[in-house]
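# Descriptive structure summary
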Amino acid sequence: MNEKNVVSIGGVIETADGYNLHIKGYDAAQQREFNDLFTYDGFLVRGRHIDPRQDPLSAECRLEIKQKIMEVIHEKDTQQ
């Protein structure tokens, strides 16, 4: 399989409870696009595509989403 996951964070809004992030991309293992809002409360990433009881993406794509969120939040924290 030559295709790769694509994860793009389009917007980050800081809230009293953490962060809301608009993320879209492509899950190469499942060969499908996704476009959803995710939340990060400082400990957990939540969203329909992360929750295995709802509409989960592949494990590799979920991990990549979490890594990208951590990178973006770390970058925002170091800029403040």
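Predicted, not measured: the structure shown is a model, and the values here were computed from it.

### Overview of the overall build of the chain
- Helix and strand counts for the chain come out as one helix and four strands.
- Each helix (α) and strand (β) of the chain, taken in turn from the N terminus, gives the series β-β-β-β-α.
- Against the compact-globule benchmark of 12 Å for 80 residues, the chain has a radius of gyration of 13 Å, which places it among compact chains.
- Over its C-alpha atoms, taken along the principal directions, the chain stretches across nearly 40 × 25 × 15 Å.
- In the chain, the proportion of contacts linking residues at least 24 apart, taken out of those at least 6 apart, comes to 37%.
- Just so you have it, the chain exposes about 5400 Å², and 48% of that area is on carbon and sulfur atoms.
- Charge separation in the chain, taken as the distance between the mean sites of 10 positive and 14 negative side-chain charges, equals 3 Å.

### Quick look at the side chain of Asn 5
- You can see Asn 5 is positioned in the segment before β1 (6-15).
- Assessed through its relative accessible area of 17%, Asn 5 is described here as buried.

The rules we used
Starting from 1, residues in each chain are numbered consecutively following that chain's sequence as written. Whole-chain, interface and lining totals are the exception, using all residues; otherwise, since this is a predicted model, local features are given only for residues with pLDDT of at least 70 and side-chain atom pairs are given and counted only at 80 or more. Excluding hydrogens and water, the side-chain figures rest on all heavy atoms present in the structure. A run of H or I in DSSP becomes a helix once it reaches four residues, and a run of E becomes a strand once it reaches two; helices and strands are each numbered from the N terminus. Here the globule rule is a power law, 2.2 Å times the number of residues to the power 0.38, and the radius of gyration is based on C-alpha atoms. What makes two residues a contact is simply this: any of their non-hydrogen atoms within 4.5 Å. Surface accessibility follows the Shrake-Rupley procedure with a 1.4 Å probe radius. Residue values consider only the protein chains on display as shielding. Note on charges: Lys and Arg go in the positive column, Asp and Glu in the negative column, and His and the chain ends are not counted at all. Taken as the charge location is NZ of Lys, CZ of Arg, CG of Asp or CD of Glu. Buried residues are those whose accessible area, probed at 1.4 Å on protein chains only, stays under 20% of the maximum for their type, while exposed residues exceed 50% and partly exposed ones sit between those limits.

Keep in mind these values describe shape, not function.
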